[in-house]
Amino acid sequence: MTGARSHGRGRAARVRAIHADVCVIGAGAGGAVTAAELAEGGMRVVVLEQGPRHDADRFSARPLEMLARLYRDGGQTTTLGTPPILLPLGRGLGGTTLVNSGTCFRTPPAVLERWRDEFGLEALADEAALKPCFERVEQALSISEVTPELAGRNAAIARRGAEALGWSHGFLRRNAKGCIGSGVCAFGCPTSAKQHVGITYVPRAEAAGAQVIAGADVRHVLVERGQARGVEARLASGGRLEVRARIVVVACGTIHTPLLLARSGLGRESGQLGHNLALHPATGAFALMDEVVDMAKGVPQSFYVDEFAAEGIMFEGVAGPPSYVAASLPLSGRRHADAMAEYRRLAMFGLMVSDGSRGSVRALAGRPVIRYELAEADVARFRRGLARIDELFRAAGAREVYLPLPHGVEPHRARARDLKLMAFHPLGTARADAGPQHGVVDGDLQLHGVRGVHVADGSVVPSSLGVNPQLTIMALATRLAFGLLGQDVPQTYEEIACPS
Amino acid sequence: MRKPADPVRRGLDVFVDAAPQPQRSGLRLLIALERRPRGRRLLGRTHAIDQLANGLVAMGHYEDPVNAVPLGWDADAIAARGRALRREEGRL
């Protein structure tokens, strides 16, 4: 940095200017990783994050309170369409990695193949070239498989069902270190065991000299004669900020990146900006067991069943404290109260669909409007998935199963409007494609036709992954950072942290 | 002098306040209806709305330690254990 300065008089005097090599917008999975790698590589980096810096001392393990504090819109961002779908997004340093379940999958090879074949992204989808990126992130985040002991009894029930049915299953790999199974990954890890980027990559970036500014709402990316010049932001503390930089990395997330690009007049040439929104629509089912489960004791998302992954149906663990369960139980009135009285014997498991539906996002009065209609093929996946999850719980010995459907509606008769859904992992709204007529960014994640503006978040991922995307986003950000540094990705973190 | 809001209502209010408009007004209306017998009957006519309203009020109810601790969930103990562990091991 060349230091901050103020210029002008009156209103203009409140404009602060900073010069840097790179301005990174957003400190989530993509932005934090890019910023840390670039700063450690010797670049002068400024990170602007719209949300706050969170203090783990204030993580209360109370879902309502933490939803309001850690999530955009208090976790109540909703899509327009049938059915309306809740789309929870994290807010603050760490982005959604702060509130996700920590599950880490590499990009499936079949997905990389699709990126090559359908989007012409040979280099981006090169599995061998991505391997050191994945390894580097996995090492930085201490990714390892959950043990059965830590997974808890909720996972043991799903495992019992899967084993009885002979379905493929396993324990998930997560970015956690010293986890004691507090059971509130989605509401702020009180032990800081979850290695979200707010406590891993952001401190690394700062230690390497990056300036990280929270509460900075970037209004425009500045481009002159086809070259990035910096950004303009409004500060929560008052005043405005200009960062002058010849490289800008936009990493506001799949919902907000297209909005920033659009209001900056960028990325619109292909007509794809804000389109191709892919989600993982999901739902949860409950089972009343004879045994005490205490579902929130252990890692909520620790176990998966991938027997039907080829059909686009994935089962992953989900669990939570009583207030979370009370909001999710597909019952009402007396039946709801009776089931909650048995909370300690309730088990829960999630169903996630790799969607074929596609939505869009655009701005209305400065806020994102997310349109997403669940296609019939995806409704059919939910029908099959719900029938399977019922089978899983019954094979595990459930006394009663509560599916997320209206009373009396059988899974095979469910319609889109009957489904009670949330969605995770939004992707694709500034998708990469080798051709400028089909995509917003190229294979180097640079905006087509503009030098120096790159995108490093889920918006560039051109297709649904079928698995949790944080590792894909971080690996792509690692590749981008080393590309900007003009270096090969080191095989391990130590090569950079402890150069010989 | 106004009585301080009870912790259950406060938690739910904080949650509803964080919602964007027009959802916020809609949620307030649902909660108000759910808390009245006639309102509950009205909501009961539409499955999705009924569940949303019921879930919202129930979420507030079970956030209260008075209702959560007997079900084996002590949020304050979880948070305190987390803080102690972070201090002990120097975690961020």
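Residues numbered from 1 in each chain as written. Chains lettered and ligands numbered in written order. Predicted model: local features only at pLDDT ≥ 70, side-chain atom pairs only at ≥ 80, totals over all residues. Heavy atoms only, no water.

*Asks:* I'd like to hear about the environment of Arg 344 of chain A, residue by residue, with values.
*Replies:* With respect to the element layout, Arg 344 of chain A can be found in the loop between helix H9 (333-341) and strand E16 (346-353). Spatially, the C-alpha atoms of Arg 344 of chain A and Val 401 of chain A are 15 Å apart, while their sequence positions differ by 57 residues. (Helix = DSSP H or I, 4+ residues; strand = E, 2+ residues; numbered from the N terminus.)

*Asks:* Lay out the interface of chain A and chain B in plain terms, naming residues and giving numbers.
*Replies:* Each partner contributes to the interface: chain A provides 50 residues, whereas chain B provides 36 residues. The tally of links from chain A across to chain B stands at 3 salt bridges. Note that Asp 76 of chain B and Arg 62 of chain A form a salt bridge whose closest N and O atoms lie 2.8 Å from each other. Applying the counting criterion to the chain A and chain B interface returns 19 residue pairs in polar contact (both at pLDDT 80 or more). Elements with a minimum of two residues in the side of chain A that touches chain B: helix H2 (63-70), helix H8 (322-328) and H9 of chain A. For the side of chain A that touches chain B, the class distribution of residues is 27 nonpolar, 13 polar and 10 charged. (Contact = heavy atoms within 4.5 Å. Salt bridge = Lys/Arg side-chain N within 4 Å of Asp/Glu carboxyl O. Polar contact = N/O pair within 3.5 Å; in protein donor to acceptor, adjacent residues only side chain to side chain. Nonpolar A, V, L, I, M, F, W, Y, C, P; charged D, E, K, R; others polar.)

*Asks:* Go over the pattern of salt bridges with me, naming the residues and quoting the values.
*Replies:* All names here are of chain A. Under the defined criterion, the tally for this structure stands at 36 salt bridges over all chains. The salt bridge partner of Lys 131 is Glu 135, with a shortest N-O separation of 3.1 Å. Linking Lys 131 with Glu 135, this pair stays in helix H4 (residues 127-140), spanning 4 residues, or about one helical turn. Taking the relative accessible area as the measure of exposure, Glu 135 reaches 23% and is therefore partly exposed. Between Arg 229 and Glu 224 there is a salt bridge, with its nearest N and O atoms 3.3 Å apart. (Buried < 20%, exposed > 50% of the residue type's maximum accessible area, 1.4 Å probe, protein only.)

*Asks:* Explain helix H3 (residues 109-119) of chain A to me, and be specific about the residues and the numbers.
*Replies:* Residues and elements named next belong to chain A. Looking only at H3, the buried set comprises Val 111, Leu 112, Trp 115 and Phe 119. When H3 is viewed along its axis, its buried side chains cluster within an angular range of 105° and face the same direction. Residues of H3 that are exposed and angled more than 90 degrees away from the buried face: Ala 110 and Asp 117. Against the buried residues of H3 lie H4 and helix H11 (470-485). Looking at the residues trailing H3, positive phi occurs at Gly 120, about 65°. (Arc of directions from axis to C-beta.)

*Asks:* I'd like to hear about the nonpolar core, residue by residue, with values.
*Replies:* Ranked by internal contacts, the top residues of the largest apolar core, which has 93 residues, are Met 295, Val 325, Phe 349, Phe 393 and Leu 419 of chain A. Not counting the four nearest positions on each side in its chain, Phe 393 of chain A is found in contact with Ile 157, Ala 285, Phe 286, Ala 287, Ala 347, Met 348, Phe 349, Ala 398 and Val 401 of chain A. (Core = buried A, V, L, I, M, F, W, Y, C linked by side-chain atoms within 4.5 Å.)

*Asks:* Tell me what's going on with the side chain of Gln 227 of chain A, and back it up with residues and numbers.
*Replies:* Residue and element names in this part refer to chain A. Along the polypeptide, Gln 227 turns up in strand E10 (residues 227-235). A relative accessible area of 8% places Gln 227 in the buried class. Reaching out from Gln 227, the side chain makes a polar contact with the backbone oxygen of Arg 246 at a distance of 2.9 Å. Discounting chain neighbours no more than four positions away, the residues touching Gln 227 are Leu 222, Arg 246, Arg 451 and Gly 452.

*Asks:* Before we move on, can you summarise the sheet that holds strand E3 (residues 22-25) of chain A with the specific residues and values?
*Replies:* Either a parallel or an antiparallel arrangement is found when strands of a sheet pair, and the pairing is made through backbone hydrogen bonds. Residue and element names in this part refer to chain A. Overall, parallel pairing links the 5 strands, which are arranged E8-E4-E3-E12-E21 in an open sheet. A single partner strand is all that each edge strand has here, and the edge strands are strand E8 (211-214) and strand E21 (453-455). The mean angle between the axes of side-by-side strands here comes to 15°, regardless of whether they run parallel or antiparallel. One ladder, built from 4 bridges, connects E3 with strand E12 (residues 247-250); its direction is parallel. From the neighbouring strand, Val 22 faces E12, where its bridge partner is Ile 247. Where helix H1 (residues 29-40) meets the sheet, its contacts fall on E3, strand E4 (45-49) and E12, and the angle it forms with E4 comes to roughly 165°. (Pairing = 2+ DSSP bridges. Axes fitted to C-alpha atoms, helices over the stretch in contact; angles between N-to-C directions.)

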